[in-house]
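Structural characterization, general
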Amino acid sequence: MSFVEQNSEFYDLEYYLSLEYRCLSGAHSGYIKNFLKNIKTLNLKGKRVLDVGCGGGFFTQKIAESGGKVLGCDYSPWAVKFARERYPDLKIVQHSGYEIDKLGINNLDFIFALEVVEHMSRPEIFFEKALKMLNSESGRLIITTNNEEYLFKKVPFNHVQNILMRTSCGGRAQRLIDKVEKRRRQFKNYHQGHINLDSAETWVERIKKSGFEIEKVSGFPDIAIPLLDAFGKVFPFFSRGNHVLVIAKPLLTLTIKKL
């Protein structure tokens with residue numbers, strides 16, 4: 001099956017099971033560690049939260065555990081089914097990120113979109129709708145996505161990463177998953193869905209153009225490889241991590257009333 005953005009059936013149960021395995025096996029320990037570190041600083045307790053593209057609900061559950069009153073949405077019926085069965089206490093609905101305004105909720109404290117915007121041909125539609133749904137003063141948009149300027153994705157530095165992956169538990173788990181992925185892609189390649197890949201710097205600019213002020217940007221690896229992380233700190237900020245996290249708030253504009 002080839003990826004078509006409007007086909008909500010493309011991401012099936014196998015996909016969400018594999019994501020859960022990446023989290024539970026430790027392969028994505030770097031991603032999880034960075035995410036948890038950041039949400040601890042956000043004070044989610046009692047706050048109204050929307051998790052867009054929640055997938056199987058792993059991170060939606062983490063938001064709930066942090067005290068957030070969270071609603072998760074995903075356009076895949078398989079994601080909704082998996083999340084509801086895996087985390088029965090969560091509120092999960094089937095809904096597209098392009099139409100979050102039709103959920104009937106506003107004045108939100110936080111909108112999360114974790115590994116979502118790279119799957120959208122027009123993420124600016126999502127950004128603009130998120131802007132209108134957030135509390136204009138205290139609301140925050142939090143996204144994570146791929147960083148195409150990651151140094152160790154490029155030749156010859158990618159060979160260094162492949163070698164150093166053997167030095168960490170997360171790296172070894174990911175190497176095993178990569179072997180399975182190579183075979184699975186002969187039948188179905190879920191990576192076709194990555195239709196909007198950009199540099200961290202470009203994503204920052206796109207969010208700003210949609211009416212946000214950037215509060216925090218951090219680059220981070222999804223796989224925890226301590227030696228690689230230490231080595232990468234000597235390189236430019238936007239090339240350090242293969243993922244980027246952006247926290248943005250609505251840009252406040254002054255309006256002058258006509259007398």
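Preceding this paragraph is the structure being described.
Before going into details, it helps to say that this report is about the structure given with it. Residue positions are counted from 1 within each chain, in the order its sequence is given. Totals for whole chains, interfaces and linings use every residue, but because this is a predicted model, local features are given only for residues with pLDDT of at least 70 and side-chain atom pairs only at 80 or more, for both listing and counting. Here the side-chain values reflect all heavy atoms present in the structure, with hydrogen atoms and water set aside.

The subject of this paragraph is the pairing of strand E2 (residues 69-74). Here E2 lies mainly inside the structure; five of its six residues are buried. Inspection of the sheet shows strand E1 (residues 48-52) paired to E2 by five bridges, in the parallel sense. Its bridge partner lying in E2, valine 52 is registered against cysteine 73. The handedness rule is simple: strands pointing away from the viewer, and a clockwise path from the first strand over the helix to the second, make the crossover right-handed. Each helix corresponds to a stretch of at least 4 residues labelled H or I by DSSP, and each strand to a stretch of at least 2 residues labelled E; elements are numbered beginning at the N terminus. Running through helix H3 (residues 58-65), the crossover from E1 to the neighbouring parallel element E2 is right-handed. Burial classes follow relative accessibility: with a 1.4 Å probe on protein chains only, a residue under 20% of its type's maximum area counts as buried, one over 50% as exposed, and anything between as partly exposed. By this definition, two strands are paired if DSSP reports at least two bridges between them.

To continue, consider the packing of helix H5 (residues 123-133) against helix H8 (residues 200-209). Two elements in contact, H5 and H8, have axes separated by 9 Å at closest approach and are oriented at 50 degrees. Accordingly, the angle class assigned to the pair H5 and H8 is oblique. Viewed along their axes, H5 and H8 form a crossing whose handedness is right-handed. Across the interface between the two elements, Pro123, Glu124 and Phe127 from H5 touch Trp203, Arg206 and Ile207 from H8. Note on residue categories: nonpolar means Ala, Val, Leu, Ile, Met, Phe, Trp, Tyr, Cys or Pro, charged means Asp, Glu, Lys or Arg, and polar means any other residue, Gly included. Per-class residue counts for the contact of H5 with H8 are four nonpolar, no polar and two charged. For helices, the axis comes from a line fit to the C-alpha atoms of the stretch in contact; other axes are also lines fit to C-alpha atoms, and the angle between any two N-to-C directions lies between 0 and 180 degrees. Any angle from 65 to 115 degrees is called roughly perpendicular, while one under 35 is roughly parallel, one over 145 is roughly antiparallel, and all others are oblique. Each crossing gets its hand from how the near helix is turned against the far one by less than a right angle, where anticlockwise is left-handed and clockwise is right-handed. Any two residues whose heavy atoms approach within 4.5 Å are treated as being in contact.

What follows is about the sheet that holds E1. With mixed pairing, seven strands are arranged side by side in an open sheet as E3-E2-E1-E4-E5-E7-E6. Each edge of the open sheet is held by one strand with a lone partner, namely strand E3 (91-94) and strand E6 (212-220). The sheet shows a mean angle of 20 degrees between the axes of neighbouring strands, taken without regard to direction. The pairing of E2 with E3 spans four bridges and is classified as parallel. Counterpart to glycine 72 in the pairing with E3 is isoleucine 92. Across the sheet, helix H4 (residues 77-86) lies against E2 and E3, angled at about 165 degrees from E3, the strand it touches most.

Following valine 155, the chain continues to proline 156 via a peptide bond in cis, the omega torsion being 0 degrees. Unlike most non-glycine residues, asparagine 43 shows phi in positive territory, near 55 degrees. Checked against the element boundaries, asparagine 43 lands in the loop between helix H2 (29-40) and E1. The phi dihedral of asparagine 107 falls on the positive side, at around 55 degrees, and the residue is not glycine. Secondary-structure assignment places asparagine 107 in the loop between E3 and strand E4 (110-114).

This part is about the pairing of E4. Most of E4 is tucked away: five of the five residues are buried. Residues of E4 alternate between two faces, with Phe110, Phe112 and Leu114 on one and Ile111 and Ala113 on the opposite face, all of them buried. As paired strands, E1 and E4 are joined by four bridges and run parallel to one another. The residue bridging leucine 50 from the neighbouring strand is isoleucine 111, located in E4. Summarising the sheet, E4 and strand E5 (residues 140-146) pair through five bridges and their orientation is parallel. The residue of E5 that forms the bridge with phenylalanine 110 is arginine 140. Crossover E4 to E5 through H5 is right-handed.

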